[in-house]
Protein chains: 2
Amino acid sequence: MILPLNQIIEGDCIEVLSGFPEKTIDLIFADPPYNLQLQNELHRPNMTKVDAVDDYWDQFGSFQEYDEFTRKWLTACKRVLKPTGTIWVIGSYHNIFRVGTIMQDLGYWILNDVIWVKTNPMPNWLGVRFTNAHETLIWASIGKGAKYTFNHQAMKGLNDGKQMRSDWWLLSLATGAERVKDENGYKAHSTQKPEALLYRVILSSSNPGDIVLDPFFGSGTTGVVARRLHRHWIGI
Amino acid sequence: MILPLNQIIEGDCIEVLSGFPEKTIDLIFADPPYNLQLQNELHRPNMTKVDAVDDYWDQFGSFQEYDEFTRKWLTACKRVLKPTGTIWVIGSYHNIFRVGTIMQDLGYWILNDVIWVKTNPMPNWLGVRFTNAHETLIWASIGKGAKYTFNHQAMKGLNDGKQMRSDWWLLSLATGAERVKDENGYKAHSTQKPEALLYRVILSSSNPGDIVLDPFFGSGTTGVVARRLHRHWIGI
DNA sequence: TATAAAGGTGAATCCGCAC
DNA sequence: AGTGCGGATTCACCTTTAT
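Residues numbered from 1 in each chain as written. Chains lettered and ligands numbered in written order. Predicted model: local features only at pLDDT ≥ 70, side-chain atom pairs only at ≥ 80, totals over all residues. Heavy atoms only, no water.

Caption draft 1: Spotlight on the protein's contact with DNA strand C. Residues and elements named next belong to chain B. Taken together, 39 residues lie around DNA strand C, and Gln37, Arg44, Tyr93, Trp125 and Leu126 are the ones closest in. When atoms of DNA strand C within 4 Å of the protein are split into backbone and base, the sugar-phosphate part holds 40%. Here a base oxygen of DNA strand C and a side-chain polar atom of asparagine 124 are 3.4 Å apart. In this structure, tryptophan 125 approaches DNA strand C through a main-chain N or O atom, which is 2.8 Å from a base nitrogen. (Near = heavy atom within 4 Å. Polar contact = N/O pair within 3.5 Å; in protein donor to acceptor, adjacent residues only side chain to side chain.)

What follows is the structure, encoded as structure tokens:
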């Protein structure tokens, strides 16, 4: 099979990936669903809705089901990654601990956990918790001792000449022209990630000409930024 | 058994806790071993050696062994917590995902994950990763729907009158007069936490007169801050 | 005494090749 | 796989010493 570059493939990511040749992808950026029940809807709930739905994990069914789903797609990703490839996964406290544990269990070697600190988060209106002002990204290679790409100098250039830290201060939402809207003017994806986030992800851990895979391709930010940075991309 | 307040109990925390009466603790702050799995010595560019954490208590043979240990002490903690009690656990990417997963599996209900962003972290000398500039805290109640204490106004007071966020910008370590040292002037404990961190933890989620338990009592920061805030404390 | 310069150090999964 | 070595690599804060 020849990889279909720079296009979107419709379908379940686990099935689609099973048709890919192994060891061909340089970089994966994954924004998995928090909730299996809503997985097949057009959009997933944003964090506000998740917090409001206090039956979150009940809807979900069980941790076991989510873990099984997570293990499957992470396994599929590991198969298609090059030996030098790395993967980024983003999540919140609802799911990121389970994702991280499974990644370690599957042999992924965590290189960093990066905190996306939101400069303009949604307040916690009831004042019963701390304002949820961040999301967590895990960056990992396929195993201990594996080589990987890290463009240290490029990252320094984005941080006043000092080495980039694991906390990234970025706007919380894609806004304005960056925001993808449908024909009615409504936002098409409630969990759209800002381009600045993908810019750092792709620039730091891949090189021009590399293949970037997004198994949970939402609004297409990954493709937009990959193209701008002269990387090939595949969205599922 | 009458709880031994405001003192340190020597011994293994799991064993000690088994002797405690159940449902008596208001707040737990736990700083468990991180399972760093450091391989080699690390040197700065000027060839001086970094004094790393290589304490015996941080040695685990496998994830499985670490998980088992974690499940045991978290279970013991859950037994002694009041129905309105909450627990804080701090860790890094080496262990926090496993801790979070096990907490969810045991029925703890995560209220927040809080990021301690360090103002002065140790750099990544070789420039092969992002500077590890934060640690993660998980704050949880004993179960879904459980009542708990959150001093919203007090937290606003520490944040210029605005809602306290889930990212805390604090100094990276206890230094100077705050750092506990032995008679030779050497650091008494390798992982002492700053008082400002414990101040926020204890102030936010307990009330004067409450009992604060630290099952991995190291240098005693928890006791110092608890006393200052007029809480009882127990260190193991 | 005040200011400046120099030195020390921190929970870190920190290289890559040849032999 | 274990060892040796060439070479590229650092941030913020605190303490001590020097001017």
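Caption draft 2: How the structure looks around the relation of the copies chain A and chain B. With an RMSD of 0.2 Å, chain A superimposes on chain B once it is rotated by 180° and translated 0.0 Å along the axis. Taken together, the rotation and translation relating the two chain copies correspond to the operation of a two-fold axis. Within chain A, A:Phe97 has its C-alpha nearest the rotation axis, a separation of 2.2 Å. Mapped onto chain B, 92% of the interface residues of chain A are again interface residues, and the two copies thus contact each other with one and the same surface. (Least-squares fit on C-alpha atoms with pLDDT ≥ 70 in both. Contact = heavy atoms within 4.5 Å.)

Caption draft 3: Structural detail: the interface of chain A and chain B. On the chain B side, the residues contacting the 52 residues of chain A number 49 residues. Together chain A and chain B conceal approximately 4,400 Å² of surface at their shared face, both sides included; 53% is due to carbon and sulfur atoms. The tally of links from chain A across to chain B stands at 2 salt bridges. Between A:Arg98 and B:Asp105 there is a salt bridge whose closest N-O contact spans 2.7 Å. Here chain A and chain B share 32 residue pairs in polar contact (both at pLDDT 80 or more) between them. Counting residues per element, the ones that place at least two in the side of chain A that touches chain B are α3 (56-60), α5 (96-105), β4 (109-118), β5 (134-141), α6 (152-157) and β6 (167-170) of chain A. Across the side of chain A that touches chain B, the residue classes break down as 25 nonpolar, 16 polar and 11 charged. (Buried area = accessible area lost by both parts, 1.4 Å probe. Salt bridge = Lys/Arg side-chain N within 4 Å of Asp/Glu carboxyl O. Helix = DSSP H or I, 4+ residues; strand = E, 2+ residues; numbered from the N terminus. Nonpolar A, V, L, I, M, F, W, Y, C, P; charged D, E, K, R; others polar.)

Caption draft 4: Main features of the packing of helix α2 (residues 63-80) of chain B against helix α3 (residues 96-105) of chain B. Residue and element names in this part refer to chain B. The geometry of α2 relative to α3 is characterised by a closest axis approach of 10 Å and an angle of 50° between their N-to-C directions. Considering the angle they form, α2 stands oblique to α3. Judged by the sense of rotation from one axis to the other, the crossing of α2 with α3 is right-handed. Only Arg98, Val99, Ile102 and Met103 of α3 make contact with α2, whose side of the interface consists of Phe63, Tyr66, Asp67, Thr70, Arg71 and Leu74. A class-by-class count of the residues in the contact of α2 with α3 yields 6 nonpolar, 1 polar and 3 charged. (Axes fitted to C-alpha atoms, helices over the stretch in contact; angles between N-to-C directions. Parallel < 35°, antiparallel > 145°, perpendicular 65-115°, else oblique. Left-handed = near helix turned anticlockwise from the far one by under 90°.)

Caption draft 5: Structural view of empty space enclosed by the protein. For the structure shown, the criterion picks out 1 cavity of 30 Å³ or more. The volume enclosed by the largest cavity comes to roughly 30 Å³. Taken together, A:Ile96, A:Phe97, A:Asp113, A:Thr136, B:Ile96, B:Phe97, B:Asp113 and B:Thr136 make up the lining of the largest cavity. At the level of elements, α5 of chain A together with α3 of chain B are the ones that each hand at least two residues to the lining of the largest cavity. Of the residues that constitute the lining of the largest cavity, the class distribution is 4 nonpolar, 2 polar and 2 charged. (1 Å grid on protein atoms, 1.4 Å probe; cavity = no way out; pocket = protein on both sides within 12 Å on 5 of 7 lines; lining within 4 Å. Points joined across faces, edges and corners; volume = space filled by probe spheres on them.)

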